[in-house]
Amino acid sequence: MKKLTAIVAILAVAVAIQCTLSQTSQMPTGAMYTEWYIATDLGDLPGFERVPMTNMTAYRTYDEQAQMPSDARVLGVSKYYASADMSLDTVIETMRASIVGIAPIEQGNVYTCHTNRLRDSVSIDGNKVNVQIACVAGRIVVGTPMLLGGY
C-alpha cells in the first residue's frame, strides 16, 4: 500500500517537480548509468537509450554529463552504482540526507530520505521525501525525488 501511495504522490506533484542536472549533481559521481524518467515520450535522443514504460518513458545514459532537453517534463532521475564503487554511507554523506524510513526488500533495503540540498520533495506519511536509496543485489540505486524505475 505504501508503494502505491508513493506512486500516487509522485504523479500528483509531477507538474511541480522538475529534476535538473543541478539536482543530479548533488548525487555522488561514478554511476554506471543514469535514468531520466520523462512524462511524455520524446522519441530518440542522441546519447540516450529509450525505454518505454507504462506511464512514462525512461531515458538511460552512460554519460554523467548528459542533459535532457530543457522542455522535458522530468518526473525523476535515478543513478545506478556498483556496490563495490559506492556505499550507503557515502551517498547519505554526499547528499547530506537524513533517513526517514527503511523498507526491507528481497536481498536488501530501500532507504527513504530527505535532504535540503534538493529543491523539491513529496510528502509520504507526513514526511518530506526527495531521495530514495535502494541497496540490493550488488548495486546501489539513488533516485530523486523517489525511485521510479526498477532497482
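The paragraphs below set out a description of the structure included in this document. (Residues numbered from 1 in each chain as written. Predicted model: local features only at pLDDT ≥ 70, side-chain atom pairs only at ≥ 80, totals over all residues. Heavy atoms only, no water.)

1. Quick look at the packing of aromatic side chains
As enumerated under the stated definition, the model contains three aromatic pairs in all. Judged by centre distance (6.3 Å) and plane angle (85°), the ring pair of Phe48 and Tyr59 falls under edge-to-face. Here Phe48, found in the loop between strand S1 (33-38) and strand S2 (49-52), pairs with Tyr59, found in strand S3 (residues 57-61); they are 11 residues apart in sequence, far enough to count as distant. By relative accessible area, Phe48 is classed as buried at 14%. For Tyr59, a relative accessible area of 0% corresponds to the buried category. Members of the aromatic cluster, connected to one another through ring pairs, are Tyr33, Tyr62 and Tyr80. (Phe/Tyr/Trp six-rings, centres within 6.5 Å; stacked < 30°, edge-to-face > 60°. Helix = DSSP H or I, 4+ residues; strand = E, 2+ residues; numbered from the N terminus. Buried < 20%, exposed > 50% of the residue type's maximum accessible area, 1.4 Å probe, protein only.)

2. Quick notes on the environment of Ala39
Looking at the secondary structure, you find Ala39 in the loop between S1 and S2. The class for Ala39 is partly exposed, based on a relative accessible area of 22%. In sequence terms Ala39 and Leu75 are 36 residues apart; their C-alpha atoms lie 6.3 Å from each other.

3. Observations concerning helix H3 (residues 88-95)
Spacing of three or four residues puts side chains on the same side of an α-helix, whose turn is 3.6 residues. Within H3, the full set of buried residues consists of Leu88, Val91, Ile92 and Met95. Buried residues of H3, viewed axially, fall in a sector of 95°; they line one side. Exposed side of H3, more than 90 degrees from the buried face: Asp89 and Glu93 are the residues found there. Two residues or fewer past H3, Arg96 is found with a positive phi of approximately 50°. (Arc of directions from axis to C-beta.)

These figures capture arrangement, not role.
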